[in-house]
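Structure at a glance
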Amino acid sequence: MKLKKLFAGVVAAAMMLTMAVPAFAAPKENNLELDDNKYIIQKGYALVGEGTSPAGTFNFEIGDGKKNNSSTETIPTPTMTPSVTYVAGDATAKSSDERSVKDITIDFAPGGNLIYTSVGKYTYTIKETVPKESEKILGVGYDEDPITMAVYVVNVLNEKGEPTGELKISEISLTKKGHKITGKVDGDTNENAAFLNTYTANKLNVKKTVNGDAADKNVPFNFNVSFTNESGKVWSNAIVVKKGDETQTITPNSNGVYSISLKHGESLDFTNIPAGLKYNVDEMNANSAMDDGDKITVNETEYTVSYDNVKAGQMESGALATVVKNTAKGFIDTGVILDNAPYMLMLAVVAGGAMTLVIKKRREEE
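Reference entry: report on the structure contained in this document. Being a predicted model, the structure only gives us computed values, none of them experimental.

Digging into the overall build of the protein chain
- Scanning the protein chain from N- to C-terminus turns up 2 helices and 25 strands.
- Burial statistics for the protein chain: of 366 residues in total, 35% are counted as buried.
- Only carbon and sulfur atoms are counted for the fraction: they give 51% of the accessible area of the protein chain, which is about 21,300 Å².

Quick word on the pairing of strand β9 (residues 120-129)
- One ladder, built from 4 bridges, connects strand β3 (residues 56-62) with β9; its direction is antiparallel. Each bridged residue has a counterpart across the sheet, and for N59 the counterpart in β9 is T129.
- Here 2 bridges tie strand β4 (residues 66-67) to β9, and the two strands are oriented antiparallel to one another. Opposite K66, over in β9, you have T123 as the bridge partner.
- In this sheet, strand β11 (residues 147-157) lies alongside β9 in antiparallel orientation, the contact comprising 7 bridges. The residue of β11 that forms the bridge with K121 is Y152.

Concerning the nonpolar core
- Grouped together as the largest cluster of nonpolar side chains are 36 residues, with contacts concentrated most on F108, Y116, M149, V151 and I172.
- Contributions of two or more residues to this core are made by β2 (38-49), β3, β6 (83-86), β8 (101-107), β9, β11, β12 (163-176) and β14 (195-211).
- Within the second largest apolar cluster, 32 residues are counted, among which are L138, V219, I250 and A328.

Re the pairing of strand β17 (residues 246-250)
- When strand β16 (residues 239-243) meets β17, the two strands line up antiparallel, connected through 5 bridges. Bridged to K243 within β17 is E246.

Thresholds, definitions, all that
- Residues numbered from 1 in each chain as written.
- Predicted model: local features only at pLDDT ≥ 70, side-chain atom pairs only at ≥ 80, totals over all residues.
- Heavy atoms only, no water.
- Helix = DSSP H or I, 4+ residues; strand = E, 2+ residues; numbered from the N terminus.
- Buried < 20%, exposed > 50% of the residue type's maximum accessible area, 1.4 Å probe, protein only.
- Areas by Shrake-Rupley, 256 points an atom, 1.4 Å probe, with all protein chains shown as cover.
- Pairing = 2+ DSSP bridges.
- Core = buried A, V, L, I, M, F, W, Y, C linked by side-chain atoms within 4.5 Å.

Here's what the structure looks like:
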């Protein structure tokens, strides 16, 4: 008899526990930032290198979810901010105190009522919709890592611990690349951001030097600096050319060429070159591009052309520099006799005569 009573007590306790506790392992409510059943995650836009980011719109989507890790049941899906837009220059350096942050709102009660009708763990995949290659912006990095969002729905209990018939969200958990994240932009690395886009760009410095005992440092030399987009992406922002206090722009296109003249010691910067754009620096002789070791003649003086650092390459995150050297050693032989030639000839005649006298004297003594 006692055994039966004990067994009945255990069963009753188990039934009460089943009613009070949802049938899944839900974490207890802790710092849940829900406002009217809306939850906010954040997107950052970071500048890598040096430049001004282009304007851009980034899109998001939330996939069909699972309840308690089962894919057989159709479950409701919350609504979400479909896109965020940045204007030109919005991207900020990762180490900056100012964050370029956009909020993405997830709404679990778009009609005013919670979308869930039963307790459980609801899991969704949220991702940035990455455009096709031909629509990507050159220099912009897209976040292709999805987020797993787990939503824990539990009963609302009265003072006696009994379900009231209403439900609530007790916790939301975000996981990205196997790690828990807060979904908020914080810290230099933005590791907890739900999504992070980057804009990578930097500058190219071109400098002219003239060396050698016959070099004329006041002579201007001509250059072509060209930019070519072979990436298949959209080159959307202009390159700014700075020479002293003067600035000009190179309009984005498939083949931008900038012609310049530089004297010894002069230089200029091509700024805001997006990563992936190819560049080429050529000293020009009329319409011909000079390679390393080529000769160019200016004002009857021959110069040898050389390039320090690469004259052609592809922009990445670091600043680049090319120094174009022209070296002139001696003058071109024009067939003109030097001014001291007669004196050297007279000296040779005197030396020859002296040598003849010495030889004659020795023969007489013998």
